[in-house]
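Summary of structural features
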Amino acid sequence: MLQGLTTVRFHASDLAAAKHWYTELLGVEPYFERPGYAEFRIGDYRHELGLVDSAFVQNLGKHGGAGAGPSGAVVYWHVDDVHAAVERALGLGAEINETAREFGAGFLEASVLDPFGNVLGLMQNQHYLEVLATRTGEGVPHGTQG
């Protein structure tokens, strides 16, 4: 049934500021934009991170995202170094949501709140690296976290 992650959507009351913040954090410009929306392709699998202007949230159905604080699922993005990724996000104005913790050999996670109230999960995940290593023509994974 589920075949892979297509797009993670974050909301922002100031879309221009969010686009700037994520461009700085990710080191890439959005690849797709339309009024009220911007989308980045990132990572080894070119997953999509979409930013939607909060003014449009009421058009998104019951789960549009209106709430009193961070809620719902946390999506964890694989990074080569959780501590460095957290420090980079904090340096750009994020706040700690969950401090880094280990789940076993090869699994370390943390999460931050971006300046727009979204939870951004960061994880070193050995399974991710194993899958990446099996892709044909991709070469060796970025690192060997443990």
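The structure under discussion appears in the preceding block.
Residues numbered from 1 in each chain as written. Predicted model: local features only at pLDDT ≥ 70, side-chain atom pairs only at ≥ 80, totals over all residues. Heavy atoms only, no water.

Quick word on the overall build of the protein
Secondary structure summary: the protein contains three helices and eight strands in total. Each helix and strand of the protein, ordered N terminal to C terminal, gives the series β-α-β-β-β-β-α-β-β-β-α. A buried classification covers 38% of the 146 residues belonging to the protein. Within the protein, contacts between residues at least 6 apart in sequence are counted, and of these 50% link residues at least 24 apart. For the protein, the accessible area works out to roughly 8,700 Å², and carbon and sulfur atoms hold 53% of it. (Helix = DSSP H or I, 4+ residues; strand = E, 2+ residues; numbered from the N terminus. Buried < 20%, exposed > 50% of the residue type's maximum accessible area, 1.4 Å probe, protein only. Contact = heavy atoms within 4.5 Å. Areas by Shrake-Rupley, 256 points an atom, 1.4 Å probe, with all protein chains shown as cover.)

So, helix H3 (residues 126-134)
Those residues of H3 not exposed but buried are Tyr-128, Leu-129 and Leu-132. Seen along its axis, H3 keeps its buried residues to an arc of 95°; they face one direction. Taken together, the buried residues of H3 touch strand E5 (76-78) and strand E8 (119-125). Where H3 begins, the capping side chain belongs to Asn-125, and its oxygen is found 2.8 Å from the backbone nitrogen of His-127. (Arc of directions from axis to C-beta. Polar contact = N/O pair within 3.5 Å; in protein donor to acceptor, adjacent residues only side chain to side chain.)

Examining the nonpolar core
Counting residues in hydrophobic clusters, the biggest one holds 24 residues, and the most contacted among them are Phe-10, Tyr-22, Leu-49, Leu-51 and Leu-120. Looking at this core, the elements with two or more residues in it are strand E1 (7-12), helix H1 (15-26), strand E3 (37-42), strand E4 (47-53), helix H2 (82-91), strand E7 (107-113) and E8. Among the elements that line this core, the one with the most residues is H1, at five residues. Among all residues touching Leu-51, those that are not within four sequence positions of it are Phe-10, Leu-15, Ala-18, Lys-19, Tyr-22, Gly-36, Tyr-37, Ala-38 and Phe-40. (Core = buried A, V, L, I, M, F, W, Y, C linked by side-chain atoms within 4.5 Å.)

Some thoughts on the pattern of salt bridges
Considering all chains together, one arrives at four salt bridges under this definition. Between Glu-33 and Lys-19 there is a salt bridge, and its shortest N-O distance comes to 2.5 Å. Taken as a pair, Glu-33 in strand E2 (residues 32-34) and Lys-19 in helix H1 lie far apart in primary sequence, 14 residues in all. Relative accessible area serves as the criterion here: at 22%, Lys-19 is assigned to the partly exposed category. Note that Arg-41 is salt-bridged to Glu-48, the shortest N-O span being 2.9 Å. Overlapping salt bridges bring together Glu-98, Arg-101 and Glu-109 as one network. (Salt bridge = Lys/Arg side-chain N within 4 Å of Asp/Glu carboxyl O.)

Notes on the sheet that holds E2
Pairing is mixed across the open sheet formed by four strands, whose spatial order is E1-E4-E3-E2. This sheet does not close on itself; its edge strands, each paired only once, are E1 and E2. Shown here is a sheet whose adjacent strand axes are inclined to one another by a mean of 15°, direction ignored. (Pairing = 2+ DSSP bridges. Axes fitted to C-alpha atoms, helices over the stretch in contact; angles between N-to-C directions.)

Overview of the sheet that holds E7
What the four strands build is an open sheet, ordered E5-E8-E7-E6; its pairing is mixed. Each having just a single partner strand, E5 and strand E6 (95-104) make up the two edges of the open sheet. In this sheet, adjacent strand axes meet at a mean angle of 20° when their direction is disregarded. Sheet topology note: the E6/E7 ladder contains six bridges and is antiparallel.

Here we look at the packing of aromatic side chains
Scanning all chains against the criterion turns up six aromatic pairs. An angle of 45° between the planes, with centres 6.4 Å apart, marks the rings of Tyr-31 and Phe-32 as tilted. On the basis of relative accessibility, which here comes to 40%, the residue Tyr-31 falls in the partly exposed class. Ring-pair connections join several aromatic residues into one group, and the members of that group are Phe-10, Trp-21, Tyr-22 and Phe-116. Over the aromatic face of Tyr-37 sits the side chain of Arg-34, whose NZ or CZ is 5.5 Å from the ring centroid. (Phe/Tyr/Trp six-rings, centres within 6.5 Å; stacked < 30°, edge-to-face > 60°. Lys NZ or Arg CZ within 6 Å of the ring centre and 35° of its normal.)

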